[in-house]
Amino acid sequence: MQPALDMLHATFGFSAFRGRQEEVVGRVLAGQSTLAVMPTGAGKSLTYQLPSVMLPGTCVVISPLIALMHDQLRSAEANGIRAATLTSADANREETIDRFRAGELDLLYAAPERASQGHFRELLASAPVCLFAIDEAHCVSEWGHDFRPDYRLLRPLMDSFPDVPRLALTATADAQTRADILTQLGIGEDGLIIAGFDRPNIKYAIRHRENALKQLRDLMGEQSGPGIIYAPTRRKVEELAEKLSEVTGRRVLPYHAGLAPEERAANQAAFVASEDMVIVATVAFGMGIDKPDVRFVAHAGVPKSIEAYYQETGRAGRDGDDAVAVMLWAAADFALARKRVEEVEEHRRSGERTRLQALSALVETAGCRRALLLRHFGEDPPANCGNCDNCLDAPGVADGTTTAQKLLSAVYRTGQSFGYGYIEKVLLGQADERIQQRGHDQLTVFGIVDSEEAPLLRQVSRALQARGSLATTEHGGLMLAGDAREILKGDVPVMLALAPKSERKRRKERAGGVNPLGDPLFEALRALRRELATEAGVPPYVVFHDAVLRDMAASRPANSDQLGTINGVGARKLEAYGDAFLAVIREY
Ligand code: ADP
Ligand code: MG
C-alpha cells in the first residue's frame, strides 16, 4: 500500500489512514466491490477520493443532496482533485460533460435521479469509469431511515458496466438494512466492512432540564465554537434563538421548515461559514451538512429515538477534535412521547414503545452512556469510557423502590386524577382545603414520607414517568401505567442515579476546547484563514482545519518543507497558502 500512502500524503497531507480506511481503499484499488459502514467523521469520502486520483478513469459519485455534493466539491478542489458536479443547479453542465469525455475528471458527482436517464448512461459509456461510489447508501433500503426510491435505479445502471467496482458508504445501517443494501446494489456479502460505531472524541452528558435557557447559556459560555441546538418545535426554535442571542451576545440563528426558503438557506450558509455561530433548529437541520468543526450539539428536549440521538449528536466533532453532546430532558417529554405512541397505527406501537424504553434507560442510567449506546448498536464496549458525564463524575445510586411504592400508592388511592404537586402534599402530610374536602388526609398514605425521604420524591416521579410506570391523564393528572403494578408488588426495583455533589460546581471546560484561544499567533493564523476563505468563497475549514492551525502555532515551521510535514497540509494547499502562513508565523 506504499503508493496509496504516498498519494495520501501528497494529496491530503495526511500521514496515516484512519480506522479501516486502508482496507476499503485496498479493495477499491483491487477492483472489488464493497459496502463500508463507518461512523460519521470516520473519513468515508477519502476512500473513493484517493483511489479516484490513483486510478485511470473517473469515479462517479452518487449523492442524495446537491448541498452535500457542492460541499464535497469545494473540499476536493481545495486538495487539487479534479472534480465536478452534474446537477440541475449547475450552469456549467456542458463544460463538465466535455471534461469527463476528455478524461480530465477524477470525480463526477451526480444525483440518483440522473442514473435512470438514458443519456447519462451513454455519457458514462463514452469515457472510462473507474468506480461507482454510492454515498449515504442506506437511502437504497426501505429499512433505512431515509428511503429514496431513486436509489433503486442505480443497480440497472451499474449492471450495464459490469467491470466497474462499486463502493457503497453509510454511517447508519442495522443488520437488516446492511443486507438490503448489499442486495439492492449487487455487492457480495464478503464485501461488507463494518467499522465500530464509537465516536471517542464526543463527550456525552445528559441532564435534567431545570431551566433550558440558563443551561444552554452556560453551555455556550463554555463552548466558544460553532454549535447546534435541537429544539422540538418551531416556536421553541424561534424563542431560544432570540433569547440566547440576547443573553449571550453571540450570533444565534433559527432554522426550521416554516422559515422562507431563502432565509433558511442563508442561515445555513452563515452557520457553515462561521467559526463561532450557534444554530437553533428542528431535526429538519443537519442532513447534508458536513461542517467538521461543530464543537457542541445540544438537545433542548428528548430526541425521537437512540438512533436519531446518535445521528444528531454525530454531527459534532467530525474533525476529530473534542466535542460535547448535551441532552436536557424532562419527564414531560416522555409523557408527551408516550401519548403520541398511542396515536400511531397499532402494528407500529410496540416498536415505538421499545424505542422510548431504550431512550429512558439512556437518560436514567447511572452507568456509562457510551457503553449503553454502543451496546444498543450491537457492540461489546468496555464498561466505562472515561468521556461521558457518568464516567467523569460518577453519580451515586440509590434504591428508590420504597419511595416509588409510596408514590404509586398515593396516586392510586387518590383516584389517579391529580398532578404531582397534590400527590406530594398528601405524601408529606400537608393538608390543605382541597385535600381535606376530599378526605385524602384520612388515607393511609397521608404523611408517610418524612423530611429525609422527601427530596427523593420528585426524582422518583421523574424516573417513573421516564420509564412509563406513571402516565399523565388528559387533564394533567398522574395515573398508573406500564410496570406500576409490578413495582407495587415488589417484583421490580426502581434504582435512581443521584446527581454527584460536584455537579453543581461542575468543572468549567476550557473555552474553545483544545484551541489555544488568546494565543496571538493562533489568532493571527485564524484571521489569515478567514481572509483566504472569504477570498476563495469557501468556509474557513476548507482552507485548513483548526488542528492544522494549532500545529502551526505550536511547531512554528520555518520553511515550506517543515510546513508540509504538518498533518492536513497537502501539496496543493502548501502551494496555494504556504507562503502566506509562513509569513504570519515569522512575524510572531
Ligand atoms: P464521513 O463522510 O465519514 O462522515 P468525511 O469523509 O467527511 O467523513 O471526513 C471527515 C473528516 O476527516 C474530514 O474533514 C477529513 O479531512 C478527515 N480525514 C479523513 N481521513 C483522514 C485521515 N486519514 N487522517 C486525518 N484526517 C482525515
Ligand atoms: Mg460523508
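Just above sits the structure.
These lines cover the structure that appears in this document, whether it is placed above or below. (Residues numbered from 1 in each chain as written. Chains lettered and ligands numbered in written order. Predicted model: local features only at pLDDT ≥ 70, side-chain atom pairs only at ≥ 80, totals over all residues. Heavy atoms only, no water.)

## Description of the overall build of the chain
Counting its secondary structure elements, the chain contains 27 helices and 17 strands. What you see for the chain is a C-alpha radius of gyration of 27 Å, in line with the 25 Å of a compact globule of 588 residues. Put simply, the chain has 588 residues, and 51% of those count as buried. Look at the contacts in the chain between residues 6 or more apart in sequence, and 70% of them connect residues 24 or more apart. Split by element, the accessible area of the chain, about 25,900 Å² in all, is 49% carbon and sulfur. Charged side chains in the chain number 69 positive and 78 negative. The centres of these two groups are separated by 4 Å. (Helix = DSSP H or I, 4+ residues; strand = E, 2+ residues; numbered from the N terminus. Rg over C-alpha atoms; globule rule 2.2 N^0.38 Å. Buried < 20%, exposed > 50% of the residue type's maximum accessible area, 1.4 Å probe, protein only. Contact = heavy atoms within 4.5 Å. Areas by Shrake-Rupley, 256 points an atom, 1.4 Å probe, with all protein chains shown as cover. Lys, Arg positive; Asp, Glu negative; His and termini not counted. Charge placed at Lys NZ, Arg CZ, Asp CG, Glu CD.)

## Quick word on the pattern of salt bridges
Scanning the model with the defined rule gives 30 salt bridges in all. The shortest N-O distance in the salt bridge between K214 and D218 comes to 3.2 Å. Separated by 4 residues within a single helix, K214 and D218 lie in helix α10 (residues 212–222), roughly one turn from each other. A relative accessible area of 29% places D218 in the partly exposed class. Of the charged contacts, one joins E239 and R235 as a salt bridge, the two residues approaching to 3.9 Å between their closest N and O atoms. Taken as a pair, E239 and R235 lie in helix α11 (residues 234–248) at a separation of 4 residues, close to a single helical turn. Residue classification places E239 among the partly exposed residues on the basis of a relative accessible area of 27%. We classify R235 as exposed; its relative accessible area is 63%. Shared partners join several salt bridges into a network, and the residues in it are R235, K236, E239 and K243. (Salt bridge = Lys/Arg side-chain N within 4 Å of Asp/Glu carboxyl O.)

## Let's talk about empty space enclosed by the protein
Counted under the stated rule, the structure contains 1 cavity of 30 Å³ or more. Size it by volume and the largest cavity reaches roughly 30 Å³. Lining the largest cavity are I228, I289, K291, V294, R315 and R318. Among the residues making up the lining of the largest cavity, the classes are represented as 3 nonpolar, no polar and 3 charged. (1 Å grid on protein atoms, 1.4 Å probe; cavity = no way out; pocket = protein on both sides within 12 Å on 5 of 7 lines; lining within 4 Å. Points joined across faces, edges and corners; volume = space filled by probe spheres on them. Nonpolar A, V, L, I, M, F, W, Y, C, P; charged D, E, K, R; others polar.)

## Examining the sheet that holds strand β11 (residues 278–281)
Pairing is parallel across the open sheet formed by 6 strands, whose spatial order is β8-β13-β12-β9-β11-β10. Strands at the two margins of the open sheet, each flanked by one partner only, are β8 (202–208) and β10 (252–255). Averaged over all pairs of adjacent strands, the angle between their axes in this sheet comes to 15°, without regard to strand direction. As paired strands, β10 and β11 are joined by 4 bridges and run parallel to one another. Counted as the bridge partner of L253 is I279 from β11. (Pairing = 2+ DSSP bridges. Axes fitted to C-alpha atoms, helices over the stretch in contact; angles between N-to-C directions.)

## A word on the packing of aromatic side chains
Under the counting rule described, the total for this entry stands at 12 aromatic pairs. With a centroid separation of 4.7 Å and an interplanar angle of 10°, the aromatic rings of F197 and F377 are classed as stacked. You can see F197 sitting in the loop between β7 (192–194) and β8 and its partner F377 sitting in the loop between α16 (369–376) and α17 (389–392), a full 180 residues away along the chain. Aromatic side chains F418 and Y422 sit 4.0 Å apart centroid to centroid with 15° between the ring planes, which places their arrangement in the stacked category. According to the relative accessible area criterion, F418 is buried, its value standing at 10%. (Phe/Tyr/Trp six-rings, centres within 6.5 Å; stacked < 30°, edge-to-face > 60°.)

## Considerations on the pairing of β8
Side-chain positions along a regular strand alternate between the two faces of the sheet. Most of β8 sits inside the fold, with 7 of its 7 residues counted as buried. Burial along β8 is two-sided: the residues I202, Y204, I206 and H208 and K203, A205 and R207 are all buried. Summarising the sheet, β8 and strand β13 (residues 323–329) pair through 7 bridges and their orientation is parallel. What sits directly across from R207, in β13, is L328.

## Some points on the side chain of T473
Structurally, T473 is set in the loop between β15 (470–472) and β16 (478–480). Overall, T473 belongs to the buried group, its relative accessible area being 15%. Dropping the residues within four chain positions of it, T473 is found in contact with K339, Q416 and M479.

## Section: helix α18 (residues 401–413)
Three- or four-residue spacings in an α-helix give side chains the same orientation, since the helix completes a turn every 3.6 residues. Taking 1.5 Å as the rise per residue, α18 with 13 residues should run 18 Å; its terminal C-alpha atoms sit 18 Å apart, in good agreement. Where α18 is buried, its residues contact β14 (396–399), α19 (420–428), α21 (454–466), β15, β16 and α22 (484–489). With its phi angle positive at about 100°, G415 sits one or two positions after the end of α18. (Expected span 1.5 Å × (residues − 1).)

## Points about helix α25 (residues 546–555)
Every buried residue of α25 is listed here: D546, V548, L549, R550, M552 and A553. At its buried positions, α25 is contacted by α23 (520–536), α26 (560–564) and α27 (571–587). Phi turns positive, to about 40°, at R556, one or two residues after α25.

## As for the packing of helix α13 (residues 306–313) against helix α15 (residues 346–364)
Contact geometry for α13 and α15: axes closest at 9 Å, N-to-C directions at 55°. Classified by the angle their axes make, α13 and α15 are oblique. Every residue of α15 that contacts α13 at I306, E307 and Y309 is listed here: R355, A358, L359 and L362. Each residue belonging to the contact of α13 with α15 can be placed in one class, and the counts come to 5 nonpolar, no polar and 2 charged. (Parallel < 35°, antiparallel > 145°, perpendicular 65-115°, else oblique.)

## A few points about a negative patch on the surface
A contiguous patch of negative charge, built from E238, E242, E246, E262 and E263, is present on the exposed surface. At the level of elements, α11 and α12 (261–273) are the ones that each hand at least two residues to the negative patch. The leading source of residues in the negative patch is α11, at 3 residues. Considering the arrangement of structural elements, one finds E262 in helix α12. Owing to a relative accessible area of 58%, E262 belongs among the exposed residues under this scheme. (Patch = residues over 30% accessible without salt bridge, like charges linked within 9 Å, V, L, I, M, F, W, Y side chains within 5 Å.)

## A closer look at the site of ligand 1
Neighbouring ligand 1 are 15 residues; Q21, G41, K44, S45 and H545 lie closest to it. G41 is positioned such that a nitrogen or oxygen atom in its backbone is 2.7 Å from an oxygen atom of ligand 1. Between ligand 1 and S45 there is a distance of 2.4 Å, counted from an oxygen atom to a side-chain nitrogen or oxygen. Look at ligand 1: alone it shows 570 Å² of surface, and the protein chains cover 84% of it. (Near = heavy atom within 4 Å. Polar contact = N/O pair within 3.5 Å; in protein donor to acceptor, adjacent residues only side chain to side chain.)

## Notes on the sheet that holds strand β1 (residues 34–37)
What the 7 strands build is an open sheet, ordered β3-β4-β2-β5-β6-β1-β7; its pairing is parallel. Two strands lie at the open edges of the sheet, namely β3 (83–86) and β7, each paired on one side alone. The mean angle between the axes of side-by-side strands here comes to 20°, regardless of whether they run parallel or antiparallel. With 4 bridges joining them, β3 and strand β4 (residues 107–110) adopt parallel strand pairing. The partner of T85 across the bridge, within β4, is Y109. The strands that helix α2 (residues 21–29) touches are β1, β5 (129–134), β6 (166–170) and β7; relative to β7, the one it contacts most, it runs at about 165°. Its contacts with the sheet put helix α4 (residues 66–78) on β3 and β4, and the angle it makes with β3 is roughly 165°.

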